[in-house]
Amino acid sequence: GAWVNLQEAVMETAPSLEPSAIGGSMTNPVDNAPGVYGLDDSEGLTGLFYIPAEYVEDIEEAATLMHMMNSNTFTGAVVRIDDAKDLAESLKTNIEGTQWVCGCPDRLIIVINDGYVIYAFGEASIMDSFSDAIGSLYPNAETVCDESLL
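The present account deals with the structure reproduced in this document. Note that the coordinates shown come from a computational prediction; the quantities given were computed from them, not determined experimentally.

**Describing a negative patch on the surface**
On the surface, E57, D58, D82, D83 and D86 cluster together into a negatively charged patch. Along the chain, the position of D58 falls in the loop between α3 (53–56) and β4 (61–67). A residue is classified by how much of its surface remains accessible, and D58, at 40% relative accessible area, is partly exposed.

Right under this line is the structure:
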């Protein structure tokens, strides 16, 4: 499921986030590891993870991981949805159009793999590790976005 995909993708990234990362949702938090995100928390999906509201009801499952002190350091999610390509493009637009309060994340990566949208933004070295993990775990994933946000 989504949680397994995200856990695999951040295996090399997560150590650089410890002890300041949290996965899942407020009702189902996981310390220093990705966690399943409750789909009943539509405000969190749109506000914290930039998923456009019109896609929330179509999400089959989701998992998340973010830095607790500053989400711009690292925020990542995996979402299972039928319209993966459309969601990926909308995420790109939403995240690129964000007016950041505490500094801008360095890089945004969005890929699609087997019906899952896997995406993250954050600090350059963490995103390098994330990119390497995605590339080795999902060599056939379609890259929708891999670019600087600066």
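**Considering the pattern of salt bridges**
In the structure shown here, the tally under the stated rule is 7 salt bridges. Of the charged contacts in the structure, one is a salt bridge between E96 and K92, with a shortest N-O distance of 3.2 Å. With E96 and K92 both in helix α4 (residues 84–96), this residue pair falls 4 residues apart, about one helical turn. Given a relative accessible area of 19%, K92 falls into the buried group. Between R107 and D146 there is a salt bridge, with its nearest N and O atoms 2.8 Å apart. With a gap of 39 residues between them, R107 in strand β6 (residues 107–113) and D146 in strand β8 (residues 142–148) connect regions that are remote in the sequence.

Cut-off values and rules
Residues numbered from 1 in each chain as written. Predicted model: local features only at pLDDT ≥ 70, side-chain atom pairs only at ≥ 80, totals over all residues. Heavy atoms only, no water. Patch = residues over 30% accessible without salt bridge, like charges linked within 9 Å, V, L, I, M, F, W, Y side chains within 5 Å. Areas by Shrake-Rupley, 256 points an atom, 1.4 Å probe, with all protein chains shown as cover. Salt bridge = Lys/Arg side-chain N within 4 Å of Asp/Glu carboxyl O. Lys, Arg positive; Asp, Glu negative; His and termini not counted. Charge placed at Lys NZ, Arg CZ, Asp CG, Glu CD. Helix = DSSP H or I, 4+ residues; strand = E, 2+ residues; numbered from the N terminus. Buried < 20%, exposed > 50% of the residue type's maximum accessible area, 1.4 Å probe, protein only.

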